[in-house]
Amino acid sequence: MLPPRTDFPDRFVFGAATSAYQIEGSAQGGAGLSHWDTFAATPGNIMDDSNGSRACDHLNRWPEDLDLIRDAGFDAYRFSTSWARVMPDGVNVNAEGLDFYDRLVDGMLDRGLRPFLTYHHWDLPAALSAQGGWQNRDIPARFADLCVTVNARIGDRVESAATLNEPWCIAWLSHFLGAHAPGLRDIRAASRAMHHVLLAHGTAIRALRAEGATNLGIVLNFETSQPADNSPAAERAAETQDAIYNQWFIRALMGQGYPEAALEGIGPHLPQGWQQDMDLIAQPLDWLGVNYYTRRLYTGNDGLWPQAAEVPGPLPKTQMDWEIRPEGLTEFLTRLARDHTGSLPLYVTENGMALAAGADIADDARRVQFIADHLRATKAAMDRGVDVRGFFYWSLLDNYEWGWGYGPRFGLVHVDYDTMARTPKASWHAFRSMLGG
Ligand code: IFM
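Residues numbered from 1 in each chain as written. Predicted model: local features only at pLDDT ≥ 70, side-chain atom pairs only at ≥ 80, totals over all residues. Heavy atoms only, no water.

Asks: Account for the environment of Gly390, with residues named and values stated.
Replies: Here Gly390 lies in strand S9 (residues 388–394). Separated by 375 residues in the primary sequence, Gly390 and Gly15 place their C-alpha atoms 7.7 Å from one another. (Helix = DSSP H or I, 4+ residues; strand = E, 2+ residues; numbered from the N terminus.)

Structure below.
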């Protein structure tokens, strides 16, 4: 059972989250190819060789999906706009794309749902990727254009807007670890992307404020990083990983500079004159989104980079093989407020688990437990004085889990990918009982 709603303040927001490429169906509605379409078309990049061309067919089934959010009793829906749908070539606007988001936002308001927009959740137009994408210093201006264009159409009706979802994934996972589009393993590309993604955020926030947009933030992901043993080498590996993953972005955003432990490897490859960009990156924010899923353990190695030294941990795991450790959420929320964000409002913008469907696709008791434990972990941080304003479950629907394809099932609602039938799971019903939907 989930904790009662009365454990949380009246104004605390409960929501469900998705992203465009993972659910919409990228081959429809006049969208251009994104670098996820081209990455997925390259054999070996996606575990089941699938892509997001149809995904959950949300482009056509969105009324049913919004009904599911409303009927569970959620207050809000966190969604993203697809860059390749709004600007198929990265520059020119596809009116059909903007019309879709216009209808979607009206659909939310008609159902009493508060729209929480994310401008970019990874579907960079392939045309911009071909010009260097996040490695290219022009990308901040292009991204600001996207944000201003979308804001002009739906900004009057969204409650809040985040520039980017998980810049670590956009930059490091995609350009150094090679696991996400564009699939590079190149320190120069990665270092440039690590900087340009932040510059794009700052440039967009400044442009949006000039248009009068309010309630602006960004969504970062955090993962507990711990040494697997007592050796100095393991400690160093965990610290380097923590610096790259958990400190790089938040420190720069809060005007605290890049962390030394990460600059050691990344610094030599940053674009020349990067120091002059740091003020623009540190634009004042109205809130910060926190995505939390797991922790990872590192043993020592001789190299600079900790990933080579990751070892499996002993805790129970999700379908992604991610350790389940709810107290990590309390730790991050309190650490963020203490070390970086002070009184800035925080939202848990993503938390959830992948769980394979059993014989009864609606029975996901383990997920109910997972959610209950993470809601309690959120409350524990609030009890310590952290200003947490909301919790969004990832994800409303089973969907396209990037390089993992359609195997992992994160949804509160099961999706049959042949028939597209939606079936609410026990976790959806648990939220409904908690929220009075
Ligand atoms: O599915 C992703 C989402 O797109 C971003 N955050 C993590 C989720 C689970 O991997």
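Asks: With reference to specific residues and values, describe the nonpolar core.
Replies: Core analysis: the largest hydrophobic core is formed by 127 residues, its most contacted members being Phe79, Trp134, Trp248, Tyr258 and Phe431. No other element matches helix H9 (residues 187–210), which puts 10 residues into this core. Non-local contacts of Trp134, meaning those with residues more than four positions away in its chain, are made with Trp83, His120, Leu124, Ile139, Leu164, Ile170, His175, Arg192, Ala193, His196, Val197 and Ala200. Among the nonpolar cores identified, the runner-up in size contains 15 residues, and Ala17, Ala76, Ala162 and Phe392 belong to it. (Core = buried A, V, L, I, M, F, W, Y, C linked by side-chain atoms within 4.5 Å. Buried < 20%, exposed > 50% of the residue type's maximum accessible area, 1.4 Å probe, protein only. Contact = heavy atoms within 4.5 Å.)

Asks: Lay out unusual backbone geometry in plain terms, naming residues and giving numbers.
Replies: The omega torsion of the bond from Ala181 to Pro182 falls at 10°, within 30 degrees of zero and hence cis. Mapped onto the elements of the fold, Pro182 is located in the loop between helix H8 (167–175) and H9. Following Trp394, the chain continues into Ser395 via a peptide bond in cis, with omega recorded as 10°. Here Ser395 lies in the loop between S9 and strand S10 (413–415). For Asp49, which is not a glycine, the phi torsion comes out positive at approximately 60°. Residue position: Asp49 is located in the loop between helix H2 (35–40) and helix H3 (58–72). Despite not being glycine, Asp57 shows a phi value in the positive range, around 55°. Looking at where Asp57 falls in the secondary structure, it is placed in the loop between H2 and H3. For Asp57, a relative accessible area of 8% corresponds to the buried category.

Asks: Account for the pattern of salt bridges, with residues named and values stated.
Replies: Evaluation of the coordinates by the stated rule reveals 32 salt bridges. For Arg61, the salt bridge goes to Asp57, with nearest N and O atoms at 2.9 Å. Classification of Arg61 by relative accessible area gives partly exposed; the value is 25%. When the shortest N-O distance is used, the salt bridge between Arg338 and Asp339 registers 2.7 Å. (Salt bridge = Lys/Arg side-chain N within 4 Å of Asp/Glu carboxyl O.)

Asks: Explain the packing of aromatic side chains to me, and be specific about the residues and the numbers.
Replies: When we look at a pair of aromatic rings, we describe it by the centre distance and by the angle of the planes. The final tally for this structure, using the stated rule, is 32 aromatic pairs. Relative to Trp402, the ring of Tyr21 has its centre 5.8 Å away and its plane inclined at 15°; by these criteria the two rings are stacked. Of the two residues, Tyr21 sits in helix H1 (residues 20–23) while Trp402 sits in the loop between S9 and S10, which places them 381 residues apart along the sequence. Relative to Phe176, the ring of Trp172 has its centre 4.3 Å away and its plane inclined at 25°; by these criteria the two rings are stacked. As far as the burial class goes, Trp172 and Phe176 line up, both buried. Aromatic ring contacts, followed pair by pair, group Tyr21, Trp36, Phe39, Trp122, Tyr400, Trp402, Tyr406 and Tyr417 into a single cluster. (Phe/Tyr/Trp six-rings, centres within 6.5 Å; stacked < 30°, edge-to-face > 60°.)

Asks: Explain the site of the ligand to me, and be specific about the residues and the numbers.
Replies: Taken together, Gln22, His121, Trp122, Asn165, Glu166, Tyr293, Trp322, Glu350, Trp394, Glu401, Trp402 and Phe410 are the residues near the ligand. At a separation of 2.5 Å, an oxygen atom of the ligand approaches a polar side-chain atom of Glu401. Trp402 places a polar side-chain atom, nitrogen or oxygen, 2.9 Å from an oxygen atom of the ligand. Protein chains bury 95% of the 280 Å² of accessible surface belonging to the ligand in isolation. Here the residues of the shell around the ligand sort into 6 nonpolar, 3 polar and 3 charged. (Near = heavy atom within 4 Å. Polar contact = N/O pair within 3.5 Å; in protein donor to acceptor, adjacent residues only side chain to side chain. Areas by Shrake-Rupley, 256 points an atom, 1.4 Å probe, with all protein chains shown as cover. Nonpolar A, V, L, I, M, F, W, Y, C, P; charged D, E, K, R; others polar.)

Asks: Residue-level account of the packing of helix H14 (residues 365–383) against helix H15 (residues 426–435), with values.
Replies: Put simply, H14 and H15 touch, their axes get as near as 8 Å, and they point 45° apart. As the angle between them shows, H14 and H15 are arranged oblique. For the pair H14 and H15, contact is made by Arg367, Val368, Ile371 and Leu375 and by Ala426, Ser427, Ala430, Phe431 and Met434, respectively. When grouped by side-chain class, the residues that make up the contact of H14 with H15 number 7 nonpolar, 1 polar and 1 charged. (Axes fitted to C-alpha atoms, helices over the stretch in contact; angles between N-to-C directions. Parallel < 35°, antiparallel > 145°, perpendicular 65-115°, else oblique.)

Asks: Describe the pairing of strand S6 (residues 287–298), listing the residues and the values that go with them.
Replies: Burial runs high along S6: 12 of the 12 residues are buried. As defined by bridge partners, S6 adjoins strand S8 (residues 346–350) across 4 bridges and the pair is classed as parallel. Pairing of Val290 across the sheet is with Val348, part of S8. Here S6 runs beside strand S7 (residues 310–311); their pairing, made up of 2 bridges, is antiparallel. Across the sheet, Leu297 pairs through a bridge with Val311, a residue of S7. (Pairing = 2+ DSSP bridges.)

Asks: I'd love a proper account of the packing of H8 against helix H10 (residues 232–253), names of residues and values included.
Replies: A packed helix pair is summarised by two numbers, namely the angle formed by the two axes and the spacing between the axes. Packing of H8 against H10 leaves a shortest axis separation of 11 Å and a crossing angle of 130°. Between H8 and H10, the interaxial angle falls into the category oblique. Of the two possible hands of crossing, H8 and H10 adopt the one that is right-handed. Here Pro167, Trp168 and Trp172 of H8 lie close against H10, whose contacting residues are Ile244, Tyr245 and Phe249. Residues belonging to the contact of H8 with H10 are distributed by class as follows: 6 nonpolar, no polar and no charged. (Left-handed = near helix turned anticlockwise from the far one by under 90°.)

Asks: Residues and numbers for the environment of Thr149, please.
Replies: The topology assignment puts Thr149 in helix H7 (residues 139–154). Linking Thr149 and Gly29, residues 120 residues apart in sequence, is a C-alpha distance of 18 Å. Ignoring any residue separated from it by four or fewer positions in sequence, one finds Thr149 in contact with Met87, Val93 and Leu98.

Asks: Would you mind going over the pairing of strand S2 (residues 76–80) in detail, with residue names and values included?
Replies: Counting buried positions along S2 gives 5 out of 5 residues, so the element sits mostly inside the fold. Judged by which residues are buried, S2 turns out to be covered on both faces: Ala76, Arg78 and Ser80 on one side and Tyr77 and Phe79 on the other are all buried. Across 3 bridges, strand S1 (residues 13–17) lies against S2 in parallel orientation. Bridging from a neighbouring strand, Ala17 pairs with Arg78 of S2. Taken together, the 5 bridges between S2 and strand S3 (residues 114–120) define a ladder with parallel strand orientation. Looking across to S3, one finds that Tyr77 is bridged to Pro115.

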